[in-house]
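# Structural characterization, general
Here are the chains, one letter per residue:
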Amino acid sequence: MTGAETQPGDAILRMEAIVKAFQSVRALDRVDFDLRAGEIHALVGENGAGKSTLMNVLAGRFADYGGRIALFGREVRLTNPRQALALGIGVIYQELSVLGNLTVAENLLLGHEPAGRLPGTLDRRALAARAKAILDELEFDLPLETKVASLSHARQCLVEIAHAIRKDVRLLVFDEPTASLGGDDVGRLFEVIRRLKARGIGIVYISHRLAELPLIADRVTVLRDGRVVGTRGIADCKVSALSHMMLGRELTEMFPPKRNTPGEVILKVRGLTRPGVFRDVSFDLREGEILGIAGLVGSGRTEIARAVFGADRAAGRCECLGRPMRRRSPGRCMARGIGMIQENRKRDGNITDSSVALNVGISVLDRLSNAAGFLGPARLRQSAARMIDRMDIRPRDPARLIQTLSGGNQQKAILGRWLCRDPKVLILDEPTQGIDIGTKAQIYRLVMDLAAAGKGIILISSELFEIANLADRILVVREGRIVREMPGPGTDVDALFTACIGGGNG
Amino acid sequence: MTAGPRPTVPSPRRWRPSFQLIQAGTVLALLLVLCAVSAVQTKTFLTWQNLVYNLLTNAAYVGIIACGMTFVMVAGGFDLSVGSTTTVCSVVAVLALQALTGQPVWVAIAVAVLVTGAAGTLLGAFNGACVSYVGVNPFVTTLSTMLVFRGIALIMTHGGQTESVPLALKNTFSQLYWGKVPLLGSEAYQITVPILVFVGVFAVSLYVLRLTRFGHYVYAVGGNENAAWLAGVNTSLVKAATYAICGLTCAVAAAIYTGMSNTAQAASYYGLELVVIASVIVGGTPLGGGSGGLLFTLVGLLLLSVIENLLPQFGVQEEYRNIVRGLIILVVVAVDVLARGARTRARRT
């Protein structure tokens, strides 16, 4: 599997002064990056720092990049994915590309199926034999004839990896492979990665979980706003130093000091259960309290919040301001003073092809219109314009279509949607996903202000430092259960991470 | 537009027309060119007789239903059953008038029209309930109700045609179609009742879709139903209501056009749904909904009607006409798709 001509330690990839712009935005600004054979080089940075863009350049997805790339000592120009693949570059994306309705064996040989005797037919026996050979080589223990959809997420990842590792692969990119894995699976994945490393394959490991880097990486490169902040050997840097490099300023600057003390209980959740997803979830939320829910992707944290908001059915009881809420739906919860920002902005947030004004005003149309349902365009525009000012949404044009705004501004518009409504309880699911750091700081300040004004906030985030610094109290969710309650703010991020993956006594 | 107290993010924003405006503009340009050419080439096109009594009066009933269809399609739905719904409504209108013989003329007609409207709304609401509360795909729902409603019309007419509207009501009732109102007091320039009704339906629809809370919800549901639901909108009710509105417009069209012949046939209005849907699509309301609207539909309706009017005038033989109709729809939508594609590609690089 290793390239015959490379020895461990030889440079196999050198990217110099890589530049890539999207319209007027410079996603990569003269980025240098290199990789040696048998090395695991971690690439870290905030959302939007340019990690994925850099790797997409390497995967041949952008033909119009600037700068030079040398692979195995030869200068190359990567213009299409097939060429990158032929040069021995494999990429394992975070979004799995396995096909659930096919078996493991079929997935492994997708596009390279052995032909049967009759034209257009498939030699199933050869298919199984070759798939088995691939898995044996990698020492993966996977059932060949099982449909991929019925495997656990972690094992689907293994299928994805096995699919990406062709015979001639010499350079592998892992794009946040642990984002949705639990503790045991992370350990198993690390073993696989180390085994690949031992074969002399160069590995780029993208992550924003800093805590796991010492376990796996040799070197770390930090990207911020499309530039390289620095490259360090893992031995001579601390996690806190890395997070400082990543964010570009002290955390204390981004998180204003706490001012509020939680008051009366306003939301009471008891025994919330959805079979197979989460069970027996109970918690209270107080006036002016920021309650953090931490957990891995897939731990059930989003599903719990959706069930409270009535977006999914679940058994169990919810009480808001002392009154039980039966047959919850988003509309009913809204009427009772609960709002929720969804994690997937594109799918669940943006009202596509509509103006910012409608996107902001949608939850208060009943208040803006008169008794007969009349709603003048000026009314809606003015209401939206006020929120655009308050949230500092750019550009300041209520008539713009929502999808033409940047991610951060879209998020502010959707936050504004709920602020118009002035709910008592606001659930924020990944409120800072995919937005720039300046907007993040704005959102942190907003969350603090809302809590200070007596709102109850439930905050869900993959960025553990957000929860650790914002929340008054943290619930750790693992495999659909609340396994631990930790005090905030100022909780140790590393301890929180350990609790999430189920290490220690968690 | 981006002026603010602080320097804003670089916004190289030149005014760019939306996709719908591009398509509607294309259609409008095509329409004007066609009219100009016909005005020069034929002596008959640019006459009051042709434009008003013929072209617009024929366009009116399609237009009335297209208003309702615009609601359904902006919300992301689809209604194939409008032809059958209109047929059932026309049968209901005639049967109601027969049942009301002996009542004062205006009372009878008013009640019959109300009953017809109720029938249309009910049929539309049935479609809406299937689509939004049961969750059957709109295409499948309205494909089946297209057959079911047609069958109902057959049963109500005992297999074909109703008796004529009773003599006592006939003359007055037929005014709904044949009536003319002098324009500016001139006998030479008169407007027909169907056109007036269309203008009324169009104005009310425009008001509801653009200037009410419900109208905004319709756009929101078409833009992203899931997001609208999560923002607290009762999306099921909104969707169901659009179908009910569509049914109501079918009833209005049926009431008027039954006055033309004073009878109702179970085999009428075949293919009406296609003309109506074509008008909405050609105007620029996309199949997925979320944008477009009534003014777009008006432009699409006029283009298709003008072509319909011109085909015989330019001597296009009947057997070729469907090819022309079909190609026009395809070309207009293809131009739109290509324009979108060009812009999306431009954005990627």
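These figures come from a predicted structure and were not determined experimentally.

### Structural notes on the overall build of chain A
- When its secondary structure is counted, chain A shows 19 helices and 20 strands.
- A total of 506 residues make up chain A; the buried ones form 49% of that total.
- Sequence-distant contacts, at least 24 apart, represent 68% of the contacts inside chain A between residues at least 6 apart.

### Looking at the overall build of chain B
- Across its full length, chain B holds 13 helices and two strands.
- Relative to its length of 349 residues, chain B is compact, with a C-alpha radius of gyration of 22 Å against a globular reference of 20 Å.
- Once the C-alpha set of chain B is aligned to its principal axes, its extents read approximately 75 × 55 × 40 Å.
- For chain B, with 349 residues in total, the buried portion stands at 48%.
- Sequence-distant contacts, at least 24 apart, represent 78% of the contacts inside chain B between residues at least 6 apart.

### Considerations on the environment of A:Pro257
All names here are of chain A.
- Tracing the chain through its elements places Pro-257 in the loop between helix H9 (251-254) and strand S11 (265-274).
- According to the C-beta neighbour criterion, Pro-257 is exposed, with 7 such atoms within 10 Å.
- As for Pro-257 and Leu-470, which are separated by 213 residues in sequence, their C-alpha atoms are 9.2 Å apart.

### Digging into the environment of A:Pro489
Residue and element names in this part refer to chain A.
- Relative to the elements of secondary structure, Pro-489 occurs in the loop between strand S20 (481-487) and helix H19 (493-501).
- Assessed through the 17 C-beta atoms surrounding it within 10 Å, Pro-489 is described here as partly exposed.
- Spatially, the C-alpha atom of Pro-489 lies 21 Å from that of Ile-266, the residues being 223 residues apart in sequence.
- Contacts of Pro-489, omitting those with residues within four sequence positions, involve Lys-258, Ala-468, Asn-469, Leu-470, Ala-471 and Asp-472.

### Section: the confidence of the model for chain B
Residues and elements named next belong to chain B.
- Confidence in the prediction of chain B, expressed as mean pLDDT, is 88, and 92% of residues score 70 or more.
- Throughout residues 1-14 the model reports pLDDT below 50, and contacts reaching past four residues in sequence, or to other chains, amount to 16 contacts.
- Scored as a complex, the prediction yields pTM 0.84 and ipTM 0.85.

### Considerations on the sheet that holds S20(A)
Residues and elements named next belong to chain A.
- Strand order in the open sheet made by the six strands is S16-S17-S18-S13-S19-S20, with mixed pairing throughout. In this open sheet, the two edge strands, each paired with only one partner strand, are strand S16 (338-341) and S20. Ignoring strand direction, the axes of neighbouring strands in this sheet form an average angle of 20°.
- Pairing of strand S13 (residues 290-294) with strand S18 (residues 456-460) involves four bridges; the strand directions are parallel. Bridging from a neighbouring strand, Ile-290 pairs with Ile-457 of S18.
- Running at roughly 175° to S16, helix H16 (residues 407-421) makes contact with S16 and strand S17 (425-429) of the sheet.

### Thoughts on the domain arrangement of chain A
- If you check the domain split of chain A, you get domain 1 (11-250), domain 2 (253-337 + 423-501) and domain 3 (356-416).
- One C-alpha centre belongs to domain 1 of chain A, the other to domain 2 of chain A; they are set 33 Å apart.

### Description of the sheet that holds strand S5 (residues 74-76) of chain A
Residue and element names in this part refer to chain A.
- In spatial order, the strands read S2-S1-S4-S5; together these four strands make up an open sheet with antiparallel pairing. In the strand order of this sheet, the two ends are held by strand S2 (25-36) and S5, each with one partner. Between one strand axis and the next, the sheet turns by 20° as a mean value, whatever way the strands run.
- Sheet strands in contact with helix H1 (residues 51-58) are strand S1 (11-22) and S2, and its direction is about 65° off that of S2.

### Regarding the pairing of S11(A)
Residue and element names in this part refer to chain A.
- Two elements, S11 and strand S12 (residues 278-286), share six bridges in a ladder whose sense is antiparallel. Along S12, the bridge assignment pairs Lys-268 with Asp-284.
- Linkage of S11 to S12, two consecutive antiparallel strands, is achieved through a turn of three residues, within which Gly-276 is found at a positive phi near 85°.
- Note: S11 against strand S14 (residues 315-320), five bridges, orientation antiparallel. Across the sheet, Thr-273 pairs through a bridge with Ala-315, a residue of S14.

### Overview of the interface of chain B and chain A
- In this complex, chain B contributes 29 residues to the contact, which on the side of chain A involves 30 residues.
- The set of elements that each furnish at least two residues to the side of chain B that touches chain A consists of helix H8 (213-223) and helix H9 (225-230) of chain B.
- The leading source of residues in the side of chain B that touches chain A is H8(B), at six residues.

### Comments concerning the packing of helix H4 (residues 105-134) of chain B against helix H6 (residues 167-178) of chain B
Residues and elements named next belong to chain B.
- Taken N-terminus to C-terminus, the directions of H4 and H6 make an angle of 70°; their axes are 10 Å apart at the nearest point. Of the possible angle classes, the one that applies to H4 and H6 is roughly perpendicular. Our pair here, H4 against H6, has a crossing hand that is right-handed. Between H4, through Val-105, Ala-108 and Ile-109, and H6, the contact on the second element is made entirely by Ala-168, Leu-169, Thr-172 and Phe-173.
- Grouping the amino acids of the contact of H4 with H6 by side-chain chemistry returns six nonpolar, one polar and no charged.

### Description of the pairing of strand S4 (residues 66-71) of chain A
Residues and elements named next belong to chain A.
- Sheet topology note: the S1/S4 ladder contains five bridges and is antiparallel. Looking across to S4, one finds that Glu-16 is bridged to Arg-68.
- Judged from the three bridges that link them, S4 and S5 form a sheet pairing that is antiparallel. From the neighbouring strand, Ile-69 faces S5, where its bridge partner is Val-76.

### Description of the packing of helix H7 (residues 193-211) of chain B against H8(B)
All names here are of chain B.
- Between H7 and H8, the least distance of the axes is 5 Å, while the angle of their chain directions is 70°. Put simply, H7 runs roughly perpendicular to H8. Facing Val-208, Leu-209, Arg-210 and Leu-211 of H7, the residues of H8 in contact are Phe-214, Gly-215 and Val-218.
- Counted by class, the contact of H7 with H8 contains five nonpolar, one polar and one charged residues.

### Observations concerning unusual backbone geometry
All names here are of chain A.
- Cis geometry marks the peptide bond from Arg-394 to Pro-395; its omega dihedral reads -10°.
- Assignment of secondary structure puts Pro-395 in the loop between helix H15 (377-391) and H16.
- Phi angles above zero are rare outside glycine, and Leu-321 is one such case at about 55°.

Rules behind the numbers
Residues numbered from 1 in each chain as written. Chains lettered and ligands numbered in written order. Predicted model: local features only at pLDDT ≥ 70, side-chain atom pairs only at ≥ 80, totals over all residues. Helix = DSSP H or I, 4+ residues; strand = E, 2+ residues; numbered from the N terminus. Buried ≥ 20, exposed ≤ 12 C-beta atoms within 10 Å, placed from the backbone. Contact = placed C-beta atoms within 7 Å. Rg over C-alpha atoms; globule rule 2.2 N^0.38 Å. pLDDT = per-residue confidence, 0-100. Pairing = 2+ DSSP bridges. Axes fitted to C-alpha atoms, helices over the stretch in contact; angles between N-to-C directions. Domains from an automatic or database assignment. Parallel < 35°, antiparallel > 145°, perpendicular 65-115°, else oblique. Left-handed = near helix turned anticlockwise from the far one by under 90°. Nonpolar A, V, L, I, M, F, W, Y, C, P; charged D, E, K, R; others polar.

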